Amino acid sequence: MNIFKFYIDKIIDILKTANKEGLIYLPENLNSINVDIPPPKFNCDISTNVAMVLSKPNNKSPIEIAETLSSLIKENDKYIEKITIEKPGFINLKLNKDFWNFLLHEIINDKEYGSQKTKNQKTYLVEFVSANPTGPLHVGHSRGAILGDVISNLLKFNNQKVTKEYYVNDYGNQILHFTKSVFLRAREILYKEKFPIDNPDLYPGDYLKQIAKNIIDQNSDLKFNNFDEISKNLTNLSVKESIKLIKINLNNLGIVHDNFATESEIVQNNEVENVIKKLQNDKFVYTGKINAPEGEDKSNWIEREQLLFKSTDFGDDKDRSLQKYDKSWTYFASDVAYHYNKLNRKYDMLINILGADHAGYIKRITSAVEALSGEKNKLTCKVSQLVKLIKDGKPFKMSKRKGDYITVEDLINEVGKDATRFIMLNRSNDAELDFDFSKVKEKSKDNPLYYVQYCYARISSVFRNIKQNINDDIIISNYDFKYSNEEIIILKKITEWPKCIEIATEKLEPHRIPVYLYELSSEFHSYWNMGKNDPSKRFIEKNNKIKDDKIVFLKIISNVIKSGMNILGVETPEKM
RNA sequence: GCGCCCUUAGCUCAGUUGGAUAGAGCAACGGUUUUCUAAACCGUGGGUCGGAGGUUCGAAUCCUCCAGGGCGCGCCA
């Protein structure tokens, strides 16, 4: 039940009839007609811009059209108490009590209220995190991880089919350096050799000692004499250890992937060769030269003939290299193969969540997917911007070099899963985020998580006091209530929930959900406090009973909060 | 040099399929608890929506240009 759609459909029906009767001329495209909630001062529930949109094509003033339409609307809708026209031509509707009773009756026990019920269910592959398997996740990874998880939840809430995937980059130079670091840490343990801490290629973090120790303990036959001899085996073991750590981190954040795809498998199965052959056949690959980037030190630049992907055909600023100097594949080449692999698994839509530092990569990979699929918007990439850590009022800089960074484990231990998720989701993913440790820990209004949870807890306390289970369906025989103006303000907010979900889904912007939940909670807290002076606004009466209208009211609000918090992956405790 | 993101109140930020007087929180000041959870509420002040053009009935929102900040750009992943 989306009242905006409900009224747009209604208005368009009326327009079509009026058009047939020759009362009004209709342009082809009616998309700019919309229905909204008007500002509070008009004391109305719904407004539409239809008269202004039709003004020009009809060569009449908006007010004139509004007058014609408003009488038609009024005749055709039994839910209208009052209809007014406001300059410059808005039509404002005030809905009667039958409407609110109808609405509440529709949604009271609908656990999926707000869900976008589309006819065709689509399959999505959401790839996120995909951090290099060279150690545990740090705070920077967690924002994208949470974003991807909640986008998946959001799609699922709308009854779409979602696979959550992690792409393990277990191939290439960084992994080689990582394995070498494990090797040297192992020798440090076994032979007391000093780890070359100053070698900038190696990974200095302490966690490598533990990884090395685990590998030694579990593989007594492995000899740490010659790196080249055990390199392949040790890579596998080291990556496995890393993935183990990463999975623990993800679990602590409340995230479980459905699938882990590995780069090494893509390479071993010759998928890179295959995809490049396909692109060659389609004339998207050629041998040529590319220029060094402007404004940087070009002294090390070696110009050479190389295998290039024609991403400029799709709007990229240069073509992209597929092969390294030694003829091995670039990261991009295997990623193209990986995306071809995704395409062959026949998903309707692909979504990638990337960190800000990989944003420059989007153009070339969407180009590749377009070249391979022939579809323009098959792949959507969302970027999670930087997280600026603030500790003790000062920015906290992480340095991978020194192994000096805040891990997900530190984060969860210090602020907890729910607060982390809520705060990280409370901002647009396109904007940088200040993450202030002391504030996130604070149990007050400063922390929007507790504010929303407290709203749910307050509602729960009413249910507890009247000895009802908040999760049970509400059975009401007769929907005939008259809500006060203060209550209708909140009911109006409730009607916005489907719209919030719609926009959040369409734009893949889950931050709209915590923002909405905060606003709804704010209105509820405000109402709650009115009960102090005005007994009619209290929920429980002197005889410890509750009226039907009140319990319906509470149930609706708690349903919305609960389903919103579920999408966010955050708890709704009944007591705080 | 190029690409992406950001610029809205003192601070941190919401606000886009273009809508009516641009909203929250924090900070400041003053109030609210014999009554369902005060982790709450109420009130007061605070704005050239970075700048300049354009598009139109109407622009924080769309287009162009400019400025400032961030991230990134090599056969690293």
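We now turn to the structure provided with this report. Because the structure is a prediction, the values reported are computed rather than measured.

1. A few points about the layout of surface pockets
So, step 1. The computed volume of the second largest pocket comes to approximately 610 Å³.
So, step 2. Lining the second largest pocket are 23 residues, with Asp170, Tyr171, Thr235, Asn236 and Ser264 positioned closest to its centre.
So, step 3. Elements with a minimum of two residues in the lining of the second largest pocket: helix 6 (173–191), helix 8 (227–252), strand 7 (259–262) and helix 9 (263–268).
So, step 4. The leading source of residues in the lining of the second largest pocket is helix 8, at 7 residues.
So, step 5. A per-class count over the lining of the second largest pocket returns 9 nonpolar, 9 polar and 5 charged.
So, step 6. There are two domains that each give the lining of the second largest pocket at least three residues, and those are domain 2 (128–141 + 151–258 + 386–438) and domain 3 (269–384).

2. A closer look at the environment of valine 552
So, step 1. You can see valine 552 is positioned in helix 20 (residues 548–568).
So, step 2. Since its relative accessible area comes to 0%, valine 552 is described here as buried.
So, step 3. Sequence separation of valine 552 and lysine 417 is 135 residues, and the distance between their C-alpha atoms is 32 Å.
So, step 4. Ignoring any residue separated from it by four or fewer positions in sequence, one finds valine 552 in contact with Leu104, Ile108, Ile476, Tyr479, Phe481 and Tyr483.

3. Comments concerning helix 6
So, step 1. In this model helix 6 runs 26 Å from its N-terminal to its C-terminal C-alpha over 19 residues, within 8% of the 27 Å that 1.5 Å per residue would give.
So, step 2. Burial in helix 6 covers these residues: Ile175, Phe178, Thr179, Ser181, Val182, Phe183, Leu184, Arg185, Ala186 and Arg187.
So, step 3. The secondary structure elements touched by the buried residues of helix 6 are helix 7 (207–218) and helix 8.
So, step 4. Of the residues trailing helix 6, lysine 192 is marked for its positive phi of about 55°.

Scoring rules and cut-offs
- Each chain carries its own residue numbering, running from 1 in the written order of its sequence.
- All chains are assigned letters beginning at A, and all ligands numbers beginning at 1, according to the order in which they are written.
- Owing to the predicted nature of the model, reporting of local features is limited to residues with pLDDT of at least 70; listing and counting of side-chain atom pairs is limited to 80 or more, with chain, interface and lining totals taken over all residues.
- Heavy atoms throughout the structure, all of them, feed into the side-chain values; hydrogens and water do not.
- The definitions used throughout rest on a 1 Å grid laid over the protein atoms alone, on which a cavity is an enclosed set of points accommodating a 1.4 Å probe that cannot get out and a pocket is an open set flanked by protein within 12 Å on both sides along at least five of seven lines; lining residues are those having an atom within 4 Å of a point.
- Grid points are joined across faces, edges and corners, and a volume is the space filled by probe spheres set on the points.
- Secondary structure elements follow DSSP: runs of H or I no shorter than four residues count as helices, runs of E no shorter than two count as strands, and numbering proceeds from the N terminus.
- Polarity classes work like this: nonpolar for Ala, Val, Leu, Ile, Met, Phe, Trp, Tyr, Cys and Pro, charged for Asp, Glu, Lys and Arg, and polar for all others, with Gly in that last group.
- In this entry, domain limits derive from an automatic or database-based domain assignment.
- Burial classes follow relative accessibility: with a 1.4 Å probe on protein chains only, a residue under 20% of its type's maximum area counts as buried, one over 50% as exposed, and anything between as partly exposed.
- Every residue pair with non-hydrogen atoms within 4.5 Å of one another is taken to be in contact.
- To estimate how far a helix should extend, the number of its residues minus one is multiplied by 1.5 Å.

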